[in-house]
Amino acid sequence: MRVLTGIQPSGALHLGNYFGSIKQMLEFQGKSDLFIFIANYHALTSLKNGDMLKKNTIDVAINFLSLGIDPNLSTFWVQSDVKEVLELYWILSSYTPMGLLERAHSYKDKVAKGIMANHGLFSYPVLMAADILIYDSNIVPVGKDQIQHVEITRDIAIKFNNANGQILTIPEFKTDENVATVPGLDGAKMSKSYGNTINIFSTLKELKKQTGKIITDSTPLEEPKEWENCNVYKLCELFMNENELLNLQDRYKSGKEGYGHFKASLKEKIWDYFEPAREKREYYLNHKDEVLDILNDGAKKARKVAVAKMEIIREKVGIL
Ligand code: ADP
Ligand code: TRP
């Protein structure tokens, strides 16, 4: 069973990314044949600064290795190290009806936000289909925003198979319905674009500053406080076990402590939770050659699968 996912190389990771996506992705590791790549070709549709893209690519590799990708259990590489996907992208383009792409929410949303509509942005789902289909992926774990892209992939694959026989594996998406939206500092969805994030790899000082900004009501210190709808409590739920949460509820009710105390407890919890990842990150930051070796090994493994698949596809469509 091959599980494949792509990650965009974009900026610092926050608690929403971790609890909403990365943690679920890593649960496949060791249980399935997990293929994970850094989608740097896709990133070009929105990032037009070469130095920044190079830096983000290495940063995301280091961050994901630190958070738990194990190169002995998974295949981890950079998308552009397997050029065959670009060839499949072109072949699939000829099987992709315009209407399928014109209906893509992600494209329409970006255009509505005033982002310039370039062809890369429009054909983004076809490249994503090539990513998925070239490796015979069975399952694609995605956030809700990416479901339609996997549906488009299925449609393209079915069209291709109708013309050429059962060559492409039809993938299924998997979203985790149990994953709640992680609230940001203001209680809205935590997101880079809202500037309300708590970042995984913050320094202790930054973490103190970020947790300090969580919005609460203004109940005075000596009065009992409500924990049910408190943003600090909601974030504590990600890090505390049942007993710790009951204890925290007692502290809310006691009227002996203020929100500053609860924020300090949250800060400690976040800091401790990511301690092992921080240590690994420190190691990889000082051993970037090792990171490049891991990505190269991953690309070799991925390329082998892609090359074999492309031979079959080329033969079928008549590319000599
Ligand atoms: P951002 O909104 O900060 O730009 P991305 O869109 O890059 O985040 O998110 C990457 C992944 O992290 C997505 O799969 C998404 O489902 C998940 N994710 C992001 N923010 C949250 C959140 N607040 N709660 C749960 N999951 C989230
Ligand atoms: N579009 C995905 C995102 O923005 C990244 C991605 C590219 C991807 N190719 C993929 C995800 C293939 C799953 C499978 O998050």
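Small disclaimer: the values here were computed from a predicted structure and weren't measured.

The rules behind each value
- Residues numbered from 1 in each chain as written.
- Chains lettered and ligands numbered in written order.
- Predicted model: local features only at pLDDT ≥ 70, side-chain atom pairs only at ≥ 80, totals over all residues.
- Heavy atoms only, no water.
- Patch = residues over 30% accessible without salt bridge, like charges linked within 9 Å, V, L, I, M, F, W, Y side chains within 5 Å.
- Areas by Shrake-Rupley, 256 points an atom, 1.4 Å probe, with all protein chains shown as cover.
- Salt bridge = Lys/Arg side-chain N within 4 Å of Asp/Glu carboxyl O.
- Lys, Arg positive; Asp, Glu negative; His and termini not counted.
- Charge placed at Lys NZ, Arg CZ, Asp CG, Glu CD.
- Helix = DSSP H or I, 4+ residues; strand = E, 2+ residues; numbered from the N terminus.
- Buried < 20%, exposed > 50% of the residue type's maximum accessible area, 1.4 Å probe, protein only.
- Near = heavy atom within 4 Å.
- Polar contact = N/O pair within 3.5 Å; in protein donor to acceptor, adjacent residues only side chain to side chain.
- Nonpolar A, V, L, I, M, F, W, Y, C, P; charged D, E, K, R; others polar.
- Expected span 1.5 Å × (residues − 1).
- Right-handed = clockwise from strand over helix to strand, strands pointing away.
- Phe/Tyr/Trp six-rings, centres within 6.5 Å; stacked < 30°, edge-to-face > 60°.
- Lys NZ or Arg CZ within 6 Å of the ring centre and 35° of its normal.

Overview of a negative patch on the surface
A surface patch of negative charge is lined by Asp 289, Glu 290, Asp 293 and Asp 297. Looking at the element boundaries, Asp 289 is found in helix 14 (residues 288–317). Exposure remark for Asp 289: the relative accessible area of 60% places this residue in the exposed category.

Some points on the site of ligand 1
Close contacts around ligand 1 come from 13 residues, with His 14, Val 182, Met 190, Ser 191 and Lys 192 the closest. Between ligand 1 and Val 182 there is a distance of 2.8 Å, counted from a nitrogen atom to a backbone nitrogen or oxygen. At 2.7 Å, a backbone N or O of Lys 192 approaches an oxygen atom of ligand 1. Coverage of ligand 1 by the protein amounts to 76% of the 540 Å² it exposes when considered alone. Considered class by class, the residues forming the shell around ligand 1 number 3 nonpolar, 8 polar and 2 charged.

Focus: helix 8 (residues 147–164)
For helix 8, with 18 residues, the first-to-last C-alpha span of 26 Å sits near the 26 Å given by 1.5 Å per residue. Every buried residue of helix 8 is listed here: Ile 147, Gln 148, His 149, Val 150, Ile 152, Thr 153, Ile 156, Ala 157, Phe 160, Asn 161 and Asn 164. Taken from the residues just after helix 8, Gly 165 is the one with a positive phi, measuring 95 degrees.

With respect to the pairing of strand 1 (residues 2–7)
Summarising burial for strand 1: 5 of the 6 residues are buried, a large majority. Each parallel crossover has a hand, and the one from strand 1 via helix 1 (residues 15–27) to strand 2 (residues 33–38) is right-handed.

Some remarks on the packing of aromatic side chains
Pairs of aromatic rings are described using the distance from one ring centre to the other and the angle between the two planes. If you walk through the whole model with that rule in mind, you get 20 aromatic pairs. Centre to centre, the rings of Phe 19 and Phe 239 are 5.3 Å apart; their planes meet at 85 degrees, and the pair counts as edge-to-face. Taken together, the residues Phe 19 in helix 1 and Phe 239 in the loop between helix 10 (231–236) and helix 11 (242–254) connect sequence positions 220 residues apart. Accessibility classification places Phe 19 together with Phe 239 in one group, the buried group. Note that Lys 110 overlies the ring of Tyr 124, its terminal NZ or CZ placed 5.2 Å from the centroid. Looking at Arg 281, its charged tip hangs above the ring of Phe 201, at a distance of 4.6 Å from the centre.

Things to note about the site of ligand 2
Surrounding ligand 2, one finds 13 residues, the nearest of these being Gly 6, His 42, Tyr 124, Asp 131 and Gln 146. Asp 131 is positioned with one of its side-chain polar atoms (N or O) 2.9 Å from a nitrogen atom of ligand 2. Its free accessible area being 360 Å², ligand 2 has 89% of it covered by the protein chains. When residues of the shell around ligand 2 are traced back to their parent elements, those giving at least two are strand 1 and helix 7 (119–134). In terms of residue count, the dominant contributor to the shell around ligand 2 is helix 7 (4 residues). Here the residues of the shell around ligand 2 are counted per class, giving 7 nonpolar, 5 polar and 1 charged.

The quantities given are spatial measurements derived from coordinates; they are silent on function.
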